[in-house]
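# Chains, contacts and geometry: an overview
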Amino acid sequence: MSKDHKNKMWGGRFSTAPADVMLAFNASLDFDKRLWQQDIAGSLAHGAMLAKCGIITKKQGASIARGLKQIQKEIAAGKFVFKKELEDIHMNIESRLHEIIGADAGRLHTARSRNDQVATDFRLYLRDGIDALSAHIQALALVLAKKAQTHASDIMPGFTHLQIAQPITYGHYLLAYVEMFSRDMARLSDARARLNESPLGAAALAGTAFAIDRKQTAKALGFSHPMANSIDAVSSRDFAIETLSAASICATHLSRLAEEIVIFASPAYGFLTLPDAFSTGSSIMPQKRNPDAAELIRAKSGRIIGALTGLLVVMKGLPLAYSKDMQEDKEGVFDALDNLELSLTACTGMMASIAPNTDIMHKAASAGFATATDLADWLVREIGMPFREAHHITGALVALAEKQGTTLSDIDLTAMQQIDLRITKDVYSVLDVKKSVASRQSLGGTAPKLVKRAAQQWIKKLS
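First, a word on scope: everything that follows refers to the structure included in this document. (Residues numbered from 1 in each chain as written. Predicted model: local features only at pLDDT ≥ 70, side-chain atom pairs only at ≥ 80, totals over all residues. Heavy atoms only, no water.)

Right, let's talk about the packing of helix H4 (residues 58-76) against helix H5 (residues 89-101) for a bit. Two numbers describe how H4 lies on H5: the axes approach to 9 Å, and their chain directions differ by 115 degrees. As for how H4 packs across H5, the hand of that crossing is right-handed. Touching Ser63, Ile64, Arg66, Gly67, Leu68, Gln70, Ile71 and Glu74 of H4 are Ile93, Arg96, Leu97, Ile100 and Ile101, all from H5. For the contact of H4 with H5, the class distribution of residues is seven nonpolar, three polar and three charged. (Axes fitted to C-alpha atoms, helices over the stretch in contact; angles between N-to-C directions. Helix = DSSP H or I, 4+ residues; strand = E, 2+ residues; numbered from the N terminus. Left-handed = near helix turned anticlockwise from the far one by under 90°. Contact = heavy atoms within 4.5 Å. Nonpolar A, V, L, I, M, F, W, Y, C, P; charged D, E, K, R; others polar.)

Structure representation (structure tokens):
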């Protein structure tokens with residue numbers, strides 16, 4: 001390869017061009033070109049600051065701004081020609097700027113390095129990404145809260161160990177996920193606040209000898225303040241790790257919900273009927289309604305968690321400040337955010353149109369000894385037994401019901417009294433699942449009036 005093919009942006013030190021494989025290995029354009037809006041925004045702010053500080057002339061600053069805005073229009077219109085030999089989005093934009101305005105384009109990189117430029121673009125991109133994700137999580141939580149209000153009194157079995165435990169309401173179940181997703185929004189908000197500081201002006205790692213105004217560029221880009229240490233500014237990626245961590249937790253919540261949809265929509269349970277729009281059929285079995293949307297949501301959590309693990313491994317052994325390893329910081333992040341947004345959108349649509357089979361859920365709650373705890377509590381409250389004794393007697397009554405193939409409420413009082421003579425007919429008042437659910441009025445409990453009130457509060461907050 002001849003000298004003429006050297007990279008004109010940085011090739012002065014070299015006598016020959018990189019090998020073809022090095023060009024391919026070193027290039028990041030295929031994935032970092034999505035940073036074009038953030039890169040232009042950063043360059044516009046930097047150029048305006050250079051002009052205001054007298055480092056370049058106002059005329060040069062205006063020319064740079066005009067060229068950058070033309071590039072902005074070209075990319076938005078799909079007319080920009082990306083050149084892989086220029087490695088990345090930053091050099092592609094700078095090269096095109098040179099074509100438009102000439103040598104003054106080279107002044108834009110004064111007091112700036114690709115190191116702080118990349119870090120700035122990445123923070124701006126993640127800030128936008130967090131805002132988009134938060135809006136999607138909020139939309140999902142609002143759908144769940146509205147469904148919870150509608151189904152505040154509809155009874156279903158609650159589970160521990162996937163065994164029927166106690167009766168709850170479908171609304172209470174849905175609100176559990178509203179709480180989880182609200183914390184996901186809070187985590188993303190915290191991550192956004194921490195990443196919202198500007199690396200621009202840190203240059204390669206040591207700052208710059210030019211009299212720049214970093215507060216001006218930080219303000220222009222909506223950052224809260226400039227980063228305090230120039231080494232940290234270019235070498236830290238904890239902001240991306242923290243965002244991926246919050247995204248991974250959110251994906252885990254989505255996966256748990258998706259798993260329950262797969263289970264509850266199966267014929268063995270029949271609690272939910274999946275909408276056609278979020279199901280698929282079988283190529284050979286015509287009766288099938290497959291929960292593919294839920295299964296894909298469940299699977300995509302692996303990609304998102306994998307991106308977090310991947311970036312942690314990239315960063316774990318890097319000395320300060322910048323190393324080329326950090327080029328590997330973006331693809332996983334981009335993929336994770338894309339897939340989390342897609343999963344949230346799919347889950348929102350699915351949950352908005354999924355149909356609970358309330359009669360089947362109510363019957364399952366009634367049939368699974370779900371009021372056993374209510375019986376034990378009654379023995380404690382009305383007879384004054386220690387709870388451990390009440391637990392033992394209730395277990396014996398459950399075993400009797402199991403042997404008779406009946407429910408607790410169908411056991412004859414005489415049979416109950418053979419286990420403990422102190423049991424009276426009043427015990428039947430707590431063996432009905434509807435009464436059981438209504439009695440759970442402690443803070444955060446499943447009583448329908450509490451569920452309705454909580455759902456209304458969430459709807460108001462999320463709307």
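What follows is about helix H3 (residues 36-52). Under the 1.5 Å per step criterion, the end-to-end length of H3 is 24 Å for 17 residues, consistent within 8% with the ideal 24 Å. Of all the 17 residues making up H3, 12 are buried; the element is thus mostly covered by neighbouring parts of the structure. Of the positions making up H3, those classed as buried are Trp36, Gln38, Asp39, Ile40, Gly42, Ser43, Ala45, His46, Gly47, Met49, Leu50 and Ala51. The inward-facing, buried residues of H3 contact H4, H5, helix H6 (114-150) and helix H8 (214-220). Following H3 by one or two positions, Gly54 adopts a phi angle in the positive range, close to 75 degrees. (Expected span 1.5 Å × (residues − 1). Buried < 20%, exposed > 50% of the residue type's maximum accessible area, 1.4 Å probe, protein only.)

It is worth spelling out the packing of aromatic side chains at this point. Under the defined criterion, the tally for this structure stands at 14 aromatic pairs. Measuring from centroid to centroid gives 5.9 Å for Phe264 and Tyr269, while their planes differ by 55 degrees, and the two rings are tilted. Note on Tyr269: relative accessible area 25%, which makes it partly exposed. An aromatic cluster is built from Phe159, Tyr170, Tyr173, Tyr177, Phe181, Phe264, Tyr269 and Phe271, whose rings are joined through pairwise contacts. Taking NZ or CZ as reference, Lys33 lies 5.3 Å from the ring centre of Phe82, over its face. Across the ring face of Phe122, the terminal group of Lys330 is positioned such that the distance to the ring centre comes to 5.4 Å. (Phe/Tyr/Trp six-rings, centres within 6.5 Å; stacked < 30°, edge-to-face > 60°. Lys NZ or Arg CZ within 6 Å of the ring centre and 35° of its normal.)

What follows concerns the pairing of strand E2 (residues 163-169). For strand E1 (residues 155-160) and E2, the ladder comprises six bridges, and the chain directions are antiparallel. Each bridged residue has a counterpart across the sheet, and for Gly158 the counterpart in E2 is Gln166. Here E1 hands over to E2 after two residues, with His161 in that stretch at a positive phi of 60 degrees. (Pairing = 2+ DSSP bridges.)

Summarising the element assignment, Gly270 is placed in the loop between helix H10 (238-264) and strand E3 (272-273). Among the residues examined, Gly270 registers a relative accessible area of 14% and is labelled buried. Between the alpha carbons of Gly270 and Thr345 there is a distance of 24 Å; along the sequence they are 75 residues apart. Residues contacting Gly270, with those up to four places away along its chain left out, are Phe264, Asn357 and Ile360.

Here the focus is the pattern of salt bridges. Any two side chains of opposite charge can pair, on the condition that their charged atoms come close. Tallied over the full model, the rule gives 20 salt bridges. Residues Lys84 and Asp30 are paired through a salt bridge, measuring 3.1 Å at the closest nitrogen-oxygen approach. Residue Lys84 is located in the loop between H4 and H5, and its partner Asp30 is located in helix H2 (residues 29-32); the two are separated by 54 residues in the primary sequence. We classify Lys84 as partly exposed; its relative accessible area is 42%. Looking at Asp30, the relative accessible area reads 55%, which means it is exposed. (Salt bridge = Lys/Arg side-chain N within 4 Å of Asp/Glu carboxyl O.)

What follows concerns unusual backbone geometry. Across the chain, the bulk of peptide bonds are trans and the bulk of non-glycine residues have phi less than zero. With an omega of 5 degrees, the peptide bond running from Leu320 to Ala321 counts as cis. Considering the arrangement of structural elements, one finds Ala321 in the loop between helix H11 (292-315) and helix H12 (331-353). At Leu162, a residue that is not glycine, the phi angle is positive and equals roughly 60 degrees. Along the chain, the position of Leu162 falls in the loop between E1 and E2. Positioned with a positive phi, Ala203 is a non-glycine residue whose angle comes to about 60 degrees. Among the secondary structure elements, Ala203 is positioned in the loop between helix H7 (170-195) and H8. Looking at Ala203, the relative accessible area reads 9%, which means it is buried.

Looking now at the state of the cysteines. For the structure on display, the rule yields zero disulfides. Unpaired in terms of disulfides, Cys347 finds its nearest cysteine sulfur in Cys250, a separation of 9.2 Å. (Disulfide = S-S within 2.5 Å.)

We now examine helix H14 (residues 372-383). For H14, spanning 12 residues, the distance from its first C-alpha to its last is 16 Å, which sits close to the expected 16 Å at 1.5 Å a residue. Of all the positions in H14, only Ala372, Asp374, Leu375, Ala376, Trp378 and Leu379 are classed as buried. Along its buried surface, H14 packs onto helix H15 (387-404) and helix H17 (433-439). A positive phi of about 85 degrees marks Gly384, the residue just after H14.

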